[in-house]
Amino acid sequence: MTQAYTQETGQLGDAPRQSGSRIGRLFDRLRNDRGIWRRGLVLAAIAVLLALVMIFHADIPNRVGNLGSLLETFLPWLGLFLPVLLVLGLVRRSASAVLALVLPVAVWLNLFGGLMFSDKSGSGGDLTVVTHNVNAENADPTGTAKDVAASGADVVALEELTSSAVPTYERALAGTYRYHTVQGTVGLWSKYPLSGTKPVNIKLGWTRALRTAVATPRGEVGVYVAHLPSVRVKFNAGFTAGQRDDSAEALGQAIAKEPLKKVILLGDLNGTMNDRALAPVTAQMRSAQGAAGDGFGFSWPASFPMARIDQIMVRGLDPVSAWALPRTGSDHLPLAASVDY
């Protein structure tokens, strides 16, 4: 009996031990899986390629369909590929794919982590401004005007004004803003006097930009309102933005010649701050959203904002806060910012 018992226990003692937890058993399988580094090499290569595209996006040429500008318009959205690649790497049980993903994650965080995870907004501000592309087909211009006036802004810029809708906006805003000017399809409403108002030639053949000086209690501020030409994504032509790029160059030249030291640009630039084609403007001004906004501040399309093509930019002023206002009858969201002198 004793021998039988001893032999049986010896057989039990020789049996392989199993970890007591599912995680432990998972690590055991992975440790013994000889293909864990060989699988998923294609996924690893895609992760590295994604990182390279984000690092060298400025070097992607615009010669073919303005591909570089198209990519830069939606550059933050490349981050959507990161969780997809992670899931695929885990499904494939590929250490190579998961490890390679560290590179594009680090690059994306370096480019956009400050926008996503830092709180830059302050409170107060000497001057509050709003810009809004009201949409030529807006069915409720009165409601839209009341919405932007309710923001409490000192200065409101409107783009894509039609001649038939201008009287409606003038009536709706008259009670809040004593001074205003409309030049072509853009206009400015202000609580403070305006002077030196003139259209700005942005090489379109008609007026879609203006310059004026706003006499604030802290001194004059040069204010530009602009609506650059629209861009199109076409299958046979790519990102057609040639006219927009020419207008950006002309607008940049006008702002560079501005005699006032404090300058604000309000408008629909049909491009993001990442778009190299807007460099004639962005190189000499700061984005209020980038300096004092939370998140990306996407403004278009209003139903599901994917890009910030509407901009509030400053020179010689300090952004305090920047934010998007609630949706109106337009296909763009109105944007607001407060600045200090």
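Rules used throughout
- Residues numbered from 1 in each chain as written.
- Predicted model: local features only at pLDDT ≥ 70, side-chain atom pairs only at ≥ 80, totals over all residues.
- Heavy atoms only, no water.
- Helix = DSSP H or I, 4+ residues; strand = E, 2+ residues; numbered from the N terminus.
- Buried < 20%, exposed > 50% of the residue type's maximum accessible area, 1.4 Å probe, protein only.
- Areas by Shrake-Rupley, 256 points an atom, 1.4 Å probe, with all protein chains shown as cover.
- Core = buried A, V, L, I, M, F, W, Y, C linked by side-chain atoms within 4.5 Å.
- Pairing = 2+ DSSP bridges.
- Axes fitted to C-alpha atoms, helices over the stretch in contact; angles between N-to-C directions.
- Parallel < 35°, antiparallel > 145°, perpendicular 65-115°, else oblique.
- Left-handed = near helix turned anticlockwise from the far one by under 90°.
- Contact = heavy atoms within 4.5 Å.
- Nonpolar A, V, L, I, M, F, W, Y, C, P; charged D, E, K, R; others polar.
- Phe/Tyr/Trp six-rings, centres within 6.5 Å; stacked < 30°, edge-to-face > 60°.
- pLDDT = per-residue confidence, 0-100.
- Patch = residues over 30% accessible without salt bridge, like charges linked within 9 Å, V, L, I, M, F, W, Y side chains within 5 Å.
- Salt bridge = Lys/Arg side-chain N within 4 Å of Asp/Glu carboxyl O.

A. Spatial organisation of the overall build of the protein. Helix and strand counts for the protein stand at 12 helices and 14 strands. Within the protein, the fraction of its 341 residues that count as buried is 47%. Taken as a whole, the protein presents about 17,300 Å² of accessible surface, with 58% of it coming from carbon and sulfur.

B. Structural detail: the nonpolar core. Counting residues in hydrophobic clusters, the biggest one holds 22 residues, and the most contacted among them are Val129, Leu188, Ile264 and Leu266. Put simply, the parts of the chain that give this core at least two residues each are strand S1 (127-133), strand S2 (155-159), strand S4 (186-190), strand S6 (209-216), strand S7 (219-227), strand S10 (263-268), strand S12 (310-315) and strand S14 (335-340). Core analysis: the second largest hydrophobic core is formed by 20 residues, Leu50, Leu71, Leu85 and Ala97 among them.

C. Structural detail: the sheet that holds strand S3 (residues 179-183). The strand order across the open sheet formed by 6 strands is S3-S4-S2-S1-S14-S13, and the pairing between neighbours is mixed. On the outer flanks of this sheet lie S3 and strand S13 (318-324), each paired with one strand and no other. Within this sheet the neighbouring strands show an average axis-to-axis angle of 15°, counted without direction. Both S13 and S14 contribute to a ladder of 6 bridges, which runs antiparallel. Of the residues in S14, the one forming a bridge with Ala324 is Leu335.

D. Seen up close, the pairing of S6. A large share of S6 lies buried, amounting to 7 of its 8 residues. Taken together, the 4 bridges between strand S5 (residues 194-199) and S6 define a ladder with antiparallel strand orientation. If you follow Ser195 over to S6, its bridge partner there is Ala213. Connecting S6 to the antiparallel partner S7 that follows it, the hairpin turn spans 2 residues.

E. Examining the packing of helix H3 (residues 41-55) against helix H5 (residues 81-91) more closely. The geometry of H3 relative to H5 is characterised by a closest axis approach of 10 Å and an angle of 165° between their N-to-C directions. As the angle between them shows, H3 and H5 are arranged roughly antiparallel. As for the relative orientation of H3 and H5, their crossing is left-handed in sense. Each of Leu43, Ile46, Ala47 and Leu50 in H3 lies in contact with H5, whose residues at this interface are Phe81, Leu82, Leu85, Leu88 and Gly89.

F. Quick look at the packing of helix H8 (residues 141-149) against helix H9 (residues 166-173). Across the interface, H8 lies against H9 with an axial gap of 9 Å and an inter-helix angle of 40°. Here H8 is positioned oblique relative to H9, judged by the angle of their axes. Where H8 crosses over H9, the handedness of that crossing is right-handed. For the pair H8 and H9, contact is made by Pro141, Thr142, Thr144, Ala145, Val148 and Ala149 and by Thr168, Tyr169, Ala172 and Leu173, respectively. Considering only residue class, the contact of H8 with H9 consists of 7 nonpolar, 3 polar and no charged.

G. Quick peek at unusual backbone geometry. Here the amide bond leading from Trp300 into Pro301 is cis, since omega sits at -10°, within 30 degrees of zero. Phi angles above zero are rare outside glycine, and Asn135 is one such case at about 75°. Here Asn135 lies in the loop between S1 and H8. Residue Asn135 is classed as buried on the basis of its relative accessible area, which comes to 15%. Although it is not a glycine, Lys203 sits at a positive phi angle of roughly 60°. With respect to the helices and strands, Lys203 occurs in the loop between S5 and S6.

H. Summary view of the packing of aromatic side chains. Enumeration over the complete set of coordinates arrives at 6 aromatic pairs. Between Trp77 and Phe304, the aromatic rings sit 6.4 Å apart at their centres with planes inclined by 35°, giving tilted as the arrangement. A residue pair is termed long-range when its members are at least 10 positions apart, and Trp77 in the loop between helix H4 (67-73) and H5 and Phe304 in the loop between helix H12 (288-292) and S12 qualify at 227 residues. Residue classification places Phe304 among the exposed residues on the basis of a relative accessible area of 52%. Here Trp108 and Phe296 contribute two aromatic rings whose centre-to-centre distance is 6.4 Å and whose plane-to-plane angle is 65°, an arrangement assigned as edge-to-face. Of this pair, Trp108 sits in helix H7 (residues 102-117) while Phe296 sits in the loop between H12 and S12, and the two are 188 residues apart along the sequence. This pair shows no difference in class: Trp108 is buried, exactly as Phe296 is.

I. Structural view of the confidence of the model for the protein. On average, the protein scores 89 in pLDDT, and the residues at 70 or more come to 88%. Below pLDDT 50 for its whole length, residues 4-13 participates in 0 contacts with residues either more than four positions away or in separate chains.

J. Broad picture of the sheet that holds S5. Ordered in space as S5-S6-S7-S10-S12-S11, the 6 strands form an open sheet in which the pairing is mixed. The two strands at the open ends of the sheet, each matched to only one other strand, are S5 and strand S11 (286-287). Looking at chain direction, S10 and S12 are connected through 6 bridges and run antiparallel. Within S12, the residue paired with Gly267 across the bridge is Gln311.

K. Structural detail: a nonpolar patch on the surface. A surface patch of nonpolar side chains, amounting to about 410 Å² of accessible area, comprises Val48, Leu52, Ile55, Phe56 and Leu103. Considering each element in turn, the nonpolar patch owes the most residues, 3 residues, to H3. With respect to the element layout, Phe56 can be found in the loop between H3 and H4. Overall, the relative accessible area of 44% leaves Phe56 in the partly exposed class.

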